[in-house]
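For reference, the chains in residue letters:
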Amino acid sequence: MLIAEPVDRVAVRVTFLRMTRPPAQAPRALPAAVSVARVHEPTVPFYRFLYNTVGGPYLWWLRRAAPDADIASLLA
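Novice: Explain the overall build of the protein chain to me, please; I cannot follow it from the model alone.
Specialist: Within the protein chain, the secondary structure is distributed over two helices and zero strands. Against the 2.2 N^0.38 benchmark of 11 Å for 76 residues, the protein chain shows a C-alpha radius of gyration of 18 Å, more extended than a compact globule. In the protein chain, which comprises 76 residues, the proportion classed as buried is 9%. A total of about 8,100 Å² of accessible surface is found on the protein chain, and carbon and sulfur atoms cover 60% of it. Of note, the protein chain has its 9 positive side-chain charges centred 16 Å away from the centre of its 5 negative side-chain charges.

Listed below in structure tokens is the structure:
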């Protein structure tokens with residue numbers, strides 16, 4: 001016997017950001033307690049950590065569902 005569970009439908013808005021040209025103004029200085037570091041060869045676990053940390057509040061899910069091999073290919 002198959003028991004159907006109730007389903008709620010919600011509206012979803014997907015937004016992608018794209019920079020088509022350099023900014024017209026110089027960026028503001030970062031606060032003293034903040035730094036930015038370039039990671040030249042990020043690992044899949046580090047990528048997932050960043051993705052989940054930044055995207056968690058926004059319910060990012062697409063790359064959470066991706067296999068590690070797909071993420072590694074994106075990073076290569």
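Novice: What exactly am I supposed to notice about a nonpolar patch on the surface here?
Specialist: Nonpolar side chains collect at one region of the surface, where Val10, Val12, Val14 and Phe16 lie side by side and expose about 510 Å² of accessible area between them. Tracing the chain through its elements places Val14 in the segment before helix 1 (44–55). The exposure class of Val14 is exposed, given its relative accessible area of 60%.

Novice: Would you mind going over the packing of aromatic side chains with me for this structure?
Specialist: Two descriptors summarise a pair of aromatic rings, namely the distance from one centre to the other and the angle between the planes of the rings. Counted according to the given criterion, the structure contains three aromatic pairs. Between Phe46 and Phe49, the aromatic rings sit 6.3 Å apart at their centres with planes inclined by 25°, giving stacked as the arrangement. One end of the pair, Phe46, and the other, Phe49, are both in helix 1, three residues apart, so they sit about a helical turn from each other. For Phe46, a relative accessible area of 33% gives the class partly exposed.

Novice: Where do I start with the nonpolar core in this structure?
Specialist: Generally speaking, soluble globular proteins have nonpolar side chains that are buried together. By size, the foremost hydrophobic cluster in this structure holds five residues: Val44, Tyr47, Tyr51, Ala66 and Ile71. When residues of this core are assigned to their parent elements, the largest contribution, three residues, is made by helix 1. Setting aside its immediate chain neighbours within four residues, Ala66 contacts Arg48 and Ile71.

Novice: Even after reading the chapter, I still don't get the environment of Thr15, so can you show me in this structure?
Specialist: Along the chain, Thr15 turns up in the segment before helix 1. With a relative accessible area of 57%, Thr15 lands in the exposed category. Considered as a pair, Thr15 and Ala29 are 14 residues apart in the sequence and their alpha carbons are 27 Å apart.

Conventions adopted
- Residues numbered from 1 in each chain as written.
- Predicted model: local features only at pLDDT ≥ 70, side-chain atom pairs only at ≥ 80, totals over all residues.
- Heavy atoms only, no water.
- Helix = DSSP H or I, 4+ residues; strand = E, 2+ residues; numbered from the N terminus.
- Rg over C-alpha atoms; globule rule 2.2 N^0.38 Å.
- Buried < 20%, exposed > 50% of the residue type's maximum accessible area, 1.4 Å probe, protein only.
- Areas by Shrake-Rupley, 256 points an atom, 1.4 Å probe, with all protein chains shown as cover.
- Lys, Arg positive; Asp, Glu negative; His and termini not counted.
- Charge placed at Lys NZ, Arg CZ, Asp CG, Glu CD.
- Patch = residues over 30% accessible without salt bridge, like charges linked within 9 Å, V, L, I, M, F, W, Y side chains within 5 Å.
- Salt bridge = Lys/Arg side-chain N within 4 Å of Asp/Glu carboxyl O.
- Phe/Tyr/Trp six-rings, centres within 6.5 Å; stacked < 30°, edge-to-face > 60°.
- Core = buried A, V, L, I, M, F, W, Y, C linked by side-chain atoms within 4.5 Å.
- Contact = heavy atoms within 4.5 Å.

Keep in mind that these numbers describe shape and distance, not what the molecule does.
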